Amino acid sequence: MTAQSASDYIEIITDATPKTPAPSSDGPAEAPAPHAAGAAAATGNFESVDTATGKAAPAEVSSERVKGIFSDIATKYERFNAVSSFGAYKIWRENLVRAVPVDGTSDVLDVAGGTGDVTFALARAKHPRHIQCTDLVDEMLDVAREHYAAGASCGVPVDFQVVDAQNMPFPDNSFDAVTCAYGIRNMPERKRAIAEMYRVLKPGGTLACLDFSTPPLPAWNALYHVYLNHMIPFWGGAITGNRDGFVYLSKSIKAFPDQKSLAHLFEEVGFENVTWKNQTGGIACIHVAHKPAAGLAQKD
Ligand SMILES: C[S@@+](CC[C@H](N)C(=O)[O-])C[C@H]1O[C@@H](n2cnc3c(N)ncnc32)[C@H](O)[C@@H]1O
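1. Remarks on the packing of helix α8 (residues 218–240) against helix α9 (residues 243–255)
Next, step 1: Look at α8 against α9: their axes get within 7 Å of each other, and the N-to-C directions meet at 145°. The crossing of α8 and α9 is right-handed. Here Leu228, Asn229, Ile232, Pro233, Gly236, Gly237 and Thr240 of α8 lie close against α9, whose contacting residues are Arg243, Gly245, Phe246, Val247, Leu249, Ser250, Ile253 and Lys254.
Next, step 2: The residue makeup of the contact of α8 with α9, split by class, is seven nonpolar, six polar and two charged.

2. As for the site of the ligand
Next, step 1: Near the ligand, the surroundings consist of 20 residues, among which Ala112, Gly114, Leu136, Ala165 and Ala181 are the closest.
Next, step 2: Elements supplying a minimum of two residues to the shell around the ligand: α2 (59–73) and α5 (117–126).

3. Concerning the confidence of the model for the chain
Next, step 1: The pLDDT averaged across the chain works out to 86; a share of 83% of its residues lies at or above 70.
Next, step 2: The low-confidence segment residues 1–40, where pLDDT is below 50, has 63 contacts with residues more than four positions distant or belonging to other chains.

4. Thoughts on the packing of helix α7 (residues 190–200) against helix α10 (residues 259–268)
Next, step 1: Contact geometry for α7 and α10: axes closest at 9 Å, N-to-C directions at 55°. Judged by the angle between their axes, α7 and α10 are oblique. α7 and α10 meet at a crossing whose hand is right-handed. For the pair α7 and α10, the contacting residues are Arg190, Lys191 and Ile194 in the first and Leu265, Phe266 and Glu268 in the second.
Next, step 2: Considered class by class, the residues forming the contact of α7 with α10 number three nonpolar, no polar and three charged.

Rules used throughout
- Residues numbered from 1 in each chain as written.
- Predicted model: local features only at pLDDT ≥ 70, side-chain atom pairs only at ≥ 80, totals over all residues.
- Axes fitted to C-alpha atoms, helices over the stretch in contact; angles between N-to-C directions.
- Helix = DSSP H or I, 4+ residues; strand = E, 2+ residues; numbered from the N terminus.
- Left-handed = near helix turned anticlockwise from the far one by under 90°.
- Contact = placed C-beta atoms within 7 Å.
- Nonpolar A, V, L, I, M, F, W, Y, C, P; charged D, E, K, R; others polar.
- Near = placed C-beta within 6 Å.
- pLDDT = per-residue confidence, 0-100.
- Parallel < 35°, antiparallel > 145°, perpendicular 65-115°, else oblique.

And the structure:
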């Protein structure tokens, strides 16, 4: 099977119907009301799961594990990616970059940016005004900083910052686009993280998210599970010396919501026109979601 087949490009529109009422004809459109999910994000009113099982668990269980894994494998992470995906991750990354509508005037936030793979690909392809590359783990960002120092952003200014995506320090309505590759799956309070991405996006802004997913064809899914159960821990252990980290990776992929369920999470915090495109038969998936434009009331 090729890394990218034509059928992967079938776009499924989960909900193209605006859920927001038109602005009142009695006067000027009102400023957006504080978003319910954003308000809840501030008060911590979100369920938390163990990202290895999908079952309810305190957030610290997953956060501490993920910090341990990524700080340990940071300098070997890129090699593992290249070897374990047979290069497919590059095609998926380029498709993600293509899906982000930015230009030379755009400010972009890369959430869970890790070693900067998406940040630098976006910088090279689209030359936005600025990229804020964030991650929970400073050791991952250290690798990104080295790439930046070597010129990886082709002159696009990038700042690096340790940020927990579930509680971001940025003001409301700050960014034209948010990218997140392989990040949400590792976050125990996923809905809170998505609500934060919504909050920091400018009205009319776009979230583009790439992550592993569920192949809809049973035979392909079964083959993929053999790969997840056996090959991923093998390659991960051999390349990074941290086999347990890659047993976790396989488990987290199996416990992660499928394409449709993830799209619903985006819609639940207020995103509209949520679409997705399967990559390599659904092994991975790119979701694109839009924050309603200014002047429209937002979903409660
Ligand atoms: C598989 S790596 C992906 C890195 C990068 N986006 C890429 O495409 O190569 C997942 C990243 O998510 C980060 N991460 C996990 N939980 C996070 C959180 N709550 N907030 C921010 N980053 C987080 C990890 O530290 C790790 O760098």
